[in-house]
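Descriptive structure summary
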Amino acid sequence: MWMLHFATMLPAFLLLFFMGTSISLSESMSRDEKHKLRNQVLEMFDHAYQNYMDHAYPADELMPLTCRGRVRGLEPSRGDIDDALGKFSLTLIDTLDTLALLNKTVEFEEAVRRVVADVRLDNDIVVSVFETNIRVLGGLLGGHSMAVMLKESGQMVWYQDELLHMAKDLGLRLLPAFNTSSGLPYPRVNLRYGVRGPETRTGTETDTCTACAGTIILEFAALSRFTGDPTFEAHARRALDFLWEKRQRNSNLVGTTINIHSGEWVRRDSGVGAGIDSYYEYLMKAYILLGDDRFLQRFNTHYASIMKYISQPPLLLDVHIHKPLLPARTWMDSLLAFFPGLQVLKGDIRPAIETHEMLYQVTKKHNFLPEATRDPYYLEVGRTILENLNRFARVPCGFAAMKDVRTGSHEDRMDSFFLAEMFKYLFLLFAEEEDLPFNVEDYVFTTEAHLLPLSLSTASNSKAPPLVNNMAGEELDDSNFEWTCPNTRLLFPDPAFPRNLREPIRSAVDKSCPRPTTHREPGMGRPPLRAQDFMANNPEHLELLRRMGVSLIHLKDGRVQLVQHATQAVSAVAAEDGMRFMQEMMELSSQQQKEQLPPRAVQIVSHPFFGRVVLTAGPAQFGMDLSKSSSGVRGFVTIAEPYNGCSELSNGEIVAGRIALLQRGQCMFAEKARHIQKAGAIGGIVIDDNEGSSSDTAPLFQMAGDGRNTDDVTLPLLFLFHKEGNILLEALKEYREVEVLLSDKARDRESIFKGKALPGALLDGSMVGAEEEDCSTGEKDQTSPASSEPVDQSQVTTQEQRTDDSVVAQESVQPAEGLGSYVSVDVGEEPAVDEDSSSQSVDSLMADWQEDLEAFKQMEKDEL
């Protein structure tokens, strides 16, 4: 099933989850080329690591755009993201075993000394149990493993388990979080005070995600095996046991969020992405590291249900745990990109290749890629990753996260896992066996890519939990469980096997999908419906969509979702037509989203407003660019007939020389613009027909073209939400002649009237206005005693289009802080007052203005 309702399937940095660790030579890439790429990986790592050490250490993370460290409490809060920061030099600890793997022994030894000497773990700070476990505890244990390995080879002879002692100290500080009736940990803990008492500033949470509670076992079990203290492993096992017991017994699936006290599922949607992902990973890896069969049994039970309900090749879509045949959502998030790698680790190669290829084909359009499965094909994928990281993420002080992959904008952020994971996997991808300082087959990689030795499976736990079959009462068929990974060369002797799996998926994502041209179904004999021609109000188009298995869902905000169920198409050919239609819609939407425009302003300049009322307007991607006009477009408004503007205007003689008001809907935006332009209008304003919509609550709306060349449209076209549009319509109803200024931002009255005699000059100069910012100097205009911000041109969110006007392209966005229904603008220096003006005119004008101001304020309150 395809659906035009995509969340951005891209993490801030690529989350390469290279589940396997063996290195195989590729005939498709020369040894010299691989060596060159390996050295490039090392150079990129040095660039990231050295900039952290030079500009950020001992802070937790580097801010690569401002070249300084991020210290929690000294920078503006980013919400839950900051829960990973604990004032414990996070990036350095997270990078320890990366230094060792990349043969940087000198740097590794120096880093260990710094951690031991500088890092404190008794900070009065609330941190995420999950993030602290996988990043800091895992980092300390991975660093300890590397230090022990080097000491055994005659290096770092001074090392006396200092990192392990710190790991145990940290483990003890995390243990209070597990003090719940269920054994599931609180999501947060205070490193100094735990979770009980007012000084902890935490311990009131009731919910946690499945992955948060189920991604503890590797680190805690390793800590127990290293120290001989069974406490840690026992707590992690208890949490896993509880999650297993709370699975839905019919579907054998788990939900996304669970109450840590009652064990009730808070969110009952189940998938393999965010909130659950590493729970499945750790079941498999716990079996590998600890040798406990029950973990593999549980994994295989879950895996069978995943492949039965969630897997819809090549997609992996969430379902409801109680009704697993009912989709919970129809889009995929970036964190599930790990799953093909987990399938490789299990030995289920075919679906791994299929799912990965789908992710690759979709996300390569955005310059960043997901997982790899060790086929020689992925050496080229790795090369693309290096090129894109250097091209799009590299900055002078490191690598900056991508804030928006569509625009290439950066975020002042370099997460610690970028050094912990990314460079390990890229190095392994291009390294030869002799490049590695140790045999990576002797280690398991945690979800943060920290290295834990497989020898821990035989290490003494002093009080290891008995291997009790806690699945009593359930019939288990051993034939369902694969206890060893298959030899893929025996299973798939044909080297073309992976390529043969990829091709149909690639063509399914590619807009140039091959298609039959003859033997079309009845009613489908002519060329299929094209995305650029689609009209949501056209009955014939709707019937064509129905035959192709595409249905429309009208949303409350006035937009339309398009959903395709191939099984509901009248034939296989029709289903293919539907697939192509959806792909064209996505491509058209993607093209139209390339240019993000800032908001525009509709400023009412006639009596009694005189420029004081400014309405936030959405721009169009065609027509006159108001940002390039110093004066904007000014004129009186009139309502077009027909109001929707979808046919030649019947009141063209009235519209000529004016700004036409139009209603959204019934046809494309560009079509409306062409009709009013033909009638002689100098501009147009489209008013939303979705009652109650407002720039206060909705993201910026950006009008797209119709898929054709729109160079013929030369007038400006702006969009007003229903609330702002009503203000303009009410003003027109009350005063009949309303003049507005269409511009890129609000203008002060002096620039609007440019010395013309202005009745508004009689108003009291102390009226609250808006402070205009001088963009050329960055200084505030000091002539006005009171003011507010001009239209913020940086508040660009995203375009959203509706298929009755163009294309649905819903994105996960943060709403822009609009101007609201109206704002005041700077009155500036008042023109000289004509002393012959009557005081009666002054009083009348003041009364009119105050009355209208109160009316608009009341209107806004009513709407809210």
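Here's a quick rundown of the structure.

Cut-offs and rules
Positions within a chain are numbered from 1, following the residues in the order the chain's sequence is written. Local features are withheld for residues below a pLDDT of 70 in this predicted model, meaning they are given only at 70 or higher, and side-chain atom pairs are given and counted only at 80 or more; totals for whole chains, interfaces and linings count all residues. Side-chain metrics rest on all non-hydrogen atoms present in the structure, leaving aside hydrogens and water. Helix and strand assignments come from DSSP, with helices taken as H or I runs of at least 4 residues and strands as E runs of at least 2, each series counted from the N terminus. Each helix should span, by expectation, one fewer than its residue count multiplied by 1.5 Å. Three exposure classes are used, based on accessible area relative to the maximum for each residue type with a 1.4 Å probe and protein chains only: buried under 20%, partly exposed in between, and exposed over 50%. The directions from the helix axis to the C-beta atoms are what the arc is built from. Whether two residues are in contact is decided by their heavy atoms, any of which lying within 4.5 Å being enough. Criterion for a disulfide: a pair of cysteine sulfur atoms within 2.5 Å. In what follows, salt bridge is the name for a side-chain nitrogen of Lys or Arg lying within 4 Å of a carboxyl oxygen of Asp or Glu. Aromatic contacts are taken between Phe, Tyr and Trp rings whose centres are within 6.5 Å, Trp giving its six-membered ring; a plane angle under 30 degrees counts as stacked, one over 60 as edge-to-face, and the others as tilted. Distance and angle both matter: a charge sits over a ring if NZ of Lys or CZ of Arg is within 6 Å of the ring centre and within 35 degrees of the ring normal.

Right, let's talk about helix α3 (residues 105–118) for a bit. An ideal rise of 1.5 Å per residue puts 20 Å on 14 residues; α3 measures up with 20 Å between its terminal C-alpha atoms. Inspection of α3 places Phe108, Ala111, Val112 and Val115 among the buried residues, and these make up the whole buried set. Angular distribution of buried residues about the axis of α3 spans 100°; they occupy a single face of the element. α3 presents Val106 and Ala117 as exposed residues on the side facing more than 90 degrees away from its buried surface. As for α3, its buried residues are in contact with α1 (31–55), α2 (90–101), α4 (129–152) and α5 (162–174).

Put plainly, two cysteines are in a disulfide when a covalent bond ties their sulfur atoms together. For the structure on display, the rule yields 3 disulfides. Two residues, Cys209 and Cys212, share a disulfide whose sulfurs are 2.1 Å apart. Residues Cys209 and Cys212 are joined by a disulfide whose S-S torsion is about 90°; by sign, that bridge is right-handed. Cys209 gets classed as buried once you look at its relative accessible area, which sits at 17%. Between Cys646 and Cys667 runs a disulfide, and the two sulfur atoms are separated by 2.1 Å. On the S-S bond that ties Cys646 to Cys667, the torsion sits near -90°, and the link is left-handed. One end of the pair, Cys646, is in the loop between β23 (633–639) and α19 (652–655); the other, Cys667, is in the loop between β24 (659–663) and α20 (669–678), with 21 residues separating them in the sequence.

Taken as a whole and judged by the stated rule, the model has 42 salt bridges. Here Glu33 and Arg383 are joined by a salt bridge, their closest N and O atoms 2.5 Å apart. A residue pair is termed long-range when its members are at least 10 positions apart, and Glu33 in helix α1 and Arg383 in helix α13 (residues 377–393) qualify at 350 residues. Notably, a salt bridge pairs Glu109 with Arg113, separated by 3.5 Å at the nearest N-O pair. Linking Glu109 with Arg113, this pair stays in helix α3, spanning 4 residues, or about one helical turn. Judged by relative accessible area, which is 43%, Arg113 ranks as partly exposed. Bridged by salt links that share partners, the residues Glu61, Arg78, Asp82, Glu131 and Arg135 form one connected network.

On to the packing of aromatic side chains, then. For the structure shown, the criterion picks out 17 aromatic pairs. Between Trp158 and Tyr159 the ring centres are 6.1 Å apart and the planes differ by 80°, which places this aromatic pair in the edge-to-face class. The exposure class assigned to Tyr159 is buried, which follows from its relative accessible area of 0%. Aromatic pair Phe609 and Tyr735: ring centres 5.7 Å apart, planes at 90°, arrangement edge-to-face. Of this pair, Phe609 sits in the loop between β21 (600–604) and β22 (613–617) while Tyr735 sits in helix α21 (residues 722–735), and the two are 126 residues apart along the sequence. The buried category is assigned to Phe609, whose relative accessible area is 0%. A relative accessible area of 23% means that Tyr735 is categorised as partly exposed. Among the aromatic side chains, those forming a connected cluster through ring pairs are Phe45, Tyr49, Phe399, Phe418 and Phe423. Its guanidinium or amino end placed over the ring of Trp158, Arg113 lies 4.0 Å from that ring's centre, counting from NZ or CZ.

Structural measurements only, silent on function.
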